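# Architecture at a glance
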Amino acid sequence: MTKAPARLDVTRTKTVSWADPKATATLGRDVSGLEFLTRWTQGEQANPPIGELIGFHLTSVEEGAVEFTCVPDESVYNPIGMVHGGLACTLLDSAAGCAVHSTLPAGVGYSSIEIKVSFMRPIHADTGPIIARGWVTKPGKRVCFADAELRDADGKLLATASSSCLVAPV
């Protein structure tokens, strides 16, 4: 049996604060998805808790397309020293879902029902800013389809996704 190596005591900390997500969701029920997301980019409503936790921000929105930016750090590393694939998946899921949301009228929301992610390159803290873009490929009354891609600041493709979202009243 292999003995576990001694643990290094090199602790770092990260403090996370967030706004009440129920209050933000309530604000969004009376406006279209596009208006809701536009308010988010303009700082008129809070970043969602997951955005604060992993450090992503909605930077651009138009009907059927959005863009998020994130600068990953070591706090999102997996045990082998790379950014965890879950961060990339979360960014791609958010980009695809919000692209769908940007097409929906007031009182209607969405929920991801399927996502397929393909990872192309590893991401590290020194990768710098990463940009997730999502766009609707087929709108629908009950199910919408969207694609998303994740690139570094130089435009290198890091990951792609295709997603299906259930559309329903909120």
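### What about the pattern of salt bridges?
Here the structure, examined in full by the defined rule, presents five salt bridges. Of the charged contacts in the structure, one is a salt bridge between arginine 12 and glutamate 74, with a shortest N-O distance of 2.4 Å. Of this pair, arginine 12 sits in the segment before α1 (21-28) while glutamate 74 sits in the loop between β2 (65-70) and α4 (85-101), and the two are 62 residues apart along the sequence. In this structure, arginine 39 and glutamate 35 form a salt bridge, with 2.6 Å as the shortest nitrogen-oxygen distance. One end of the pair, arginine 39, and the other, glutamate 35, are both in helix α2 (residues 33-41), four residues apart, so they sit about a helical turn from each other.

### Things to note about the environment of cysteine 98
By secondary structure assignment, the location of cysteine 98 is in helix α4. Taking the C-alpha atoms as reference points, cysteine 98 and tyrosine 110, 12 residues apart in sequence, are found 8.8 Å from one another.

### Observations regarding the sheet that holds strand β1 (residues 56-62)
Taken together, six strands build an open sheet; the order of strands is β1-β2-β4-β5-β6-β3 and the sheet is antiparallel. Each edge of the open sheet carries a strand with a single partner, namely β1 and β3 (108-119). Geometrically, the sheet is characterised by an average inter-axis angle of 25 degrees between neighbouring strands, direction not taken into account. As defined by bridge partners, β2 adjoins strand β4 (residues 130-138) across six bridges and the pair is classed as antiparallel. Across the sheet, residue alanine 65 finds its bridge partner in β4, namely tryptophan 135. Along the sheet face, α2 touches β1 and β2 and points at about 130 degrees away from the line of β1. Those strands touched by α4 are β1, β2, β3, β4, β5 (143-152) and β6 (157-169), and its axis lies near 140 degrees from that of β3.

### Quick notes on the environment of valine 143
Position of valine 143 among the secondary structure elements: in strand β5. Once you skip the residues sitting within four places of it in the chain, valine 143 turns out to touch Ile113, Lys138, Ser164, Cys165 and Val167.

### Re the packing of aromatic side chains
Under the defined criterion, the tally for this structure stands at two aromatic pairs. On the numbers, 5.7 Å between centres and 70 degrees between planes, the contact of tryptophan 40 with phenylalanine 68 is edge-to-face. Of the two residues, tryptophan 40 is situated in helix α2 and phenylalanine 68 in strand β2; the sequence distance between them amounts to 28 residues. Accessibility expressed as a relative area gives 11% for tryptophan 40, which makes it buried.

Cut-offs applied
Residues numbered from 1 in each chain as written. Predicted model: local features only at pLDDT ≥ 70, side-chain atom pairs only at ≥ 80, totals over all residues. Heavy atoms only, no water. Salt bridge = Lys/Arg side-chain N within 4 Å of Asp/Glu carboxyl O. Helix = DSSP H or I, 4+ residues; strand = E, 2+ residues; numbered from the N terminus. Pairing = 2+ DSSP bridges. Axes fitted to C-alpha atoms, helices over the stretch in contact; angles between N-to-C directions. Contact = heavy atoms within 4.5 Å. Phe/Tyr/Trp six-rings, centres within 6.5 Å; stacked < 30°, edge-to-face > 60°. Buried < 20%, exposed > 50% of the residue type's maximum accessible area, 1.4 Å probe, protein only.

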